[in-house]
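Now for the letters of each chain:
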Amino acid sequence: MNWIFFIQAMRKAGVSIEALVEFVELYRLKTDTRAAQKQLLVEQRDKLEQQKREIEKTLNYLNYKLDNFENHVLNYEIEKLHYKIDKKDQ
């Protein structure tokens, strides 16, 4: 197995150093550890999927803010203007 390529690819995918160390340790054992290795990769994939969902949620919120930016800024300016007018009347 080309470990350097494998480790670089896994790190780029966001797999933790700890998980990579565990994966390599399992590989070096003289017993069949494929199931444990696969489970480790499944767990890492699940973590990445969760991170992806969080990023998508944040991107959706940011896109909403951008799509409605002019309205938000205009409403803020109007509210600020009304506050100044009301304050002068007091």
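Placed above this text is the structure.
Summarised in this report is the structure supplied together with it. (Residues numbered from 1 in each chain as written. Predicted model: local features only at pLDDT ≥ 70, side-chain atom pairs only at ≥ 80, totals over all residues. Heavy atoms only, no water.)

1. Some details on helix 3 (residues 34–67)
It helps to recall that an α-helix has 3.6 residues per turn; residues three or four apart then point in one direction.
Here comes step 1: The terminal C-alpha atoms of helix 3, which comprises 34 residues, lie 48 Å apart, in line with the 50 Å expected from a rise of 1.5 Å per residue.
Here comes step 2: The set of residues buried in helix 3 consists of Gln37, Leu40 and Gln44.
Here comes step 3: Buried residues belonging to helix 3 abut helix 2 (17–28). (Helix = DSSP H or I, 4+ residues; strand = E, 2+ residues; numbered from the N terminus. Expected span 1.5 Å × (residues − 1). Buried < 20%, exposed > 50% of the residue type's maximum accessible area, 1.4 Å probe, protein only. Contact = heavy atoms within 4.5 Å.)

2. Here's the deal with the packing of helix 2 against helix 3
Here comes step 1: For the pair helix 2 and helix 3, the least separation of the axes is 9 Å and the interaxial angle reads 165°. Considering their axes alone, helix 2 and helix 3 lie roughly antiparallel with respect to each other. Read as a crossing pair, helix 2 and helix 3 show a hand that is left-handed. Residues Ala19, Glu22, Phe23, Leu26 and Tyr27 of helix 2 lie in contact with helix 3, whose contacting residues are Ala36, Gln37, Leu40, Leu41 and Gln44.
Here comes step 2: In the contact of helix 2 with helix 3, the residues fall into 7 nonpolar, 2 polar and 1 charged. (Axes fitted to C-alpha atoms, helices over the stretch in contact; angles between N-to-C directions. Parallel < 35°, antiparallel > 145°, perpendicular 65-115°, else oblique. Left-handed = near helix turned anticlockwise from the far one by under 90°. Nonpolar A, V, L, I, M, F, W, Y, C, P; charged D, E, K, R; others polar.)

3. Quick notes on helix 2
Here comes step 1: Its 12 residues give helix 2 an end-to-end C-alpha distance of 17 Å, which sits within 8% of 16 Å, the value for a rise of 1.5 Å per residue.
Here comes step 2: Buried positions along helix 2 lie against helix 1 (3–12) and helix 3.

Nothing here speaks to function; it is geometry throughout.
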